[in-house]
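# Architecture at a glance
One letter stands for each residue in the lines below.
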Amino acid sequence: MRTARLRTVHPVLWAGWAALAAGAVLCVIGWYGVSGERYAERQLPYLASCTVPGAALIVAGAVLLTHGRGALAATRVEELYGLLVAAEPAEAGDPATSAPLAVSGDLLMVPGGTLWHRADCPLVSGKAEAVPVDAKLLASGELGPCPICEPVEETD
């Protein structure tokens, strides 16, 4: 996948550099021709045949380089995505993936936090500041369930 895409990107980059170089050469030739002529009517052919096309080639080269580098970056992102997707997914029957992350029935919260958690949730387990959930906060809707351990609100 990588080499096929890179083969289409590199010619764009080379064409961009070639257009920039040709445009610079034409601008220098146009400048040299204009600088040697005293009258404006004798300078116009140099402007029309060298300087204006040279400037257009410089702009075209800049556009090609920008496009080529964007395509190169897109190629790298696609390659990284392919590597990410190519990783073997865990089997559905694998106990490591099917077991819940936290199963405790005790609910905890961190003061100042916005979520309630199961006691064995990795986000609050081992934290000394974690306190039992206040029923008033649950009833008022100030706390939401943790998306990691997915606790169920206890109904009294």
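Residues numbered from 1 in each chain as written. Predicted model: local features only at pLDDT ≥ 70, side-chain atom pairs only at ≥ 80, totals over all residues. Heavy atoms only, no water.

## A look at the overall build of the chain
- From N to C terminus, the chain includes four helices and four strands.
- Going from N to C terminus, the chain has its helices and strands arranged as α-α-α-β-β-β-α-β.
- Looking at the chain residue by residue over its 156 residues, the buried ones come to 23%.
- In the chain, 60% of the contacts between residues at least 6 apart in sequence involve partners at least 24 apart.
- When the accessible surface of the chain is totalled, it reaches about 10800 Å², and 65% of it is carbon and sulfur. (Helix = DSSP H or I, 4+ residues; strand = E, 2+ residues; numbered from the N terminus. Buried < 20%, exposed > 50% of the residue type's maximum accessible area, 1.4 Å probe, protein only. Contact = heavy atoms within 4.5 Å. Areas by Shrake-Rupley, 256 points an atom, 1.4 Å probe, with all protein chains shown as cover.)

## Regarding the pattern of salt bridges
- If you walk through the whole model with that rule in mind, you get one salt bridge.
- The salt bridge involving Arg 42 is made with Glu 37; its shortest N-O contact spans 4.0 Å.
- Look at Glu 37 and you get partly exposed, because its relative accessible area is 24%. (Salt bridge = Lys/Arg side-chain N within 4 Å of Asp/Glu carboxyl O.)

## Remarks on the sheet that holds strand S3 (residues 131-132)
- Sheet architecture is open: four strands sit in the order S3-S1-S2-S4, paired in mixed fashion. The strands lining the two open edges of the sheet, one partner per strand, are S3 and strand S4 (144-145).
- Pairing of strand S1 (residues 107-109) with strand S2 (residues 115-118), which is carried by three bridges, proceeds in the antiparallel orientation. Looking across to S2, one finds that Leu 107 is bridged to Arg 118. (Pairing = 2+ DSSP bridges.)

## Some words on the environment of Lys 127
- When you line up the elements, Lys 127 lands in the loop between S2 and S3.
- A polar atom in the side chain of Lys 127 sits 3.4 Å from the backbone oxygen of Leu 123. (Polar contact = N/O pair within 3.5 Å; in protein donor to acceptor, adjacent residues only side chain to side chain.)

## Some remarks on a nonpolar patch on the surface
- Residues Tyr 81, Leu 84 and Val 85 make up a contiguous nonpolar surface patch of about 360 Å² in total accessible area.
- Among the structural elements, Leu 84 can be located in helix H2 (residues 40-86).
- Overall, Leu 84 belongs to the exposed group, its relative accessible area being 62%. (Patch = residues over 30% accessible without salt bridge, like charges linked within 9 Å, V, L, I, M, F, W, Y side chains within 5 Å.)

## What to know about the confidence of the model for the chain
- Of all residues in the chain, 79% attain a pLDDT of 70 or more, and the chain-wide mean is 79.
- Mean pLDDT across the secondary structure elements of the chain bottoms out at helix H3 (residues 95-98), with 51, and peaks at S3, with 86. (pLDDT = per-residue confidence, 0-100.)

## Some remarks on H2
- Spanning 47 residues, H2 covers 66 Å between terminal C-alpha atoms, matching the ideal 69 Å at 1.5 Å per step.
- At Leu 47, H2 shows its maximal kink, close to 45°.
- Among the residues of H2, Gln 43, Cys 50, Gly 54, Gly 61, Leu 65, Gly 68, Ala 71, Leu 72 and Thr 75 are the ones counted as buried. (Expected span 1.5 Å × (residues − 1). Bend = angle between axes of the 7 residues up to and from the residue.)

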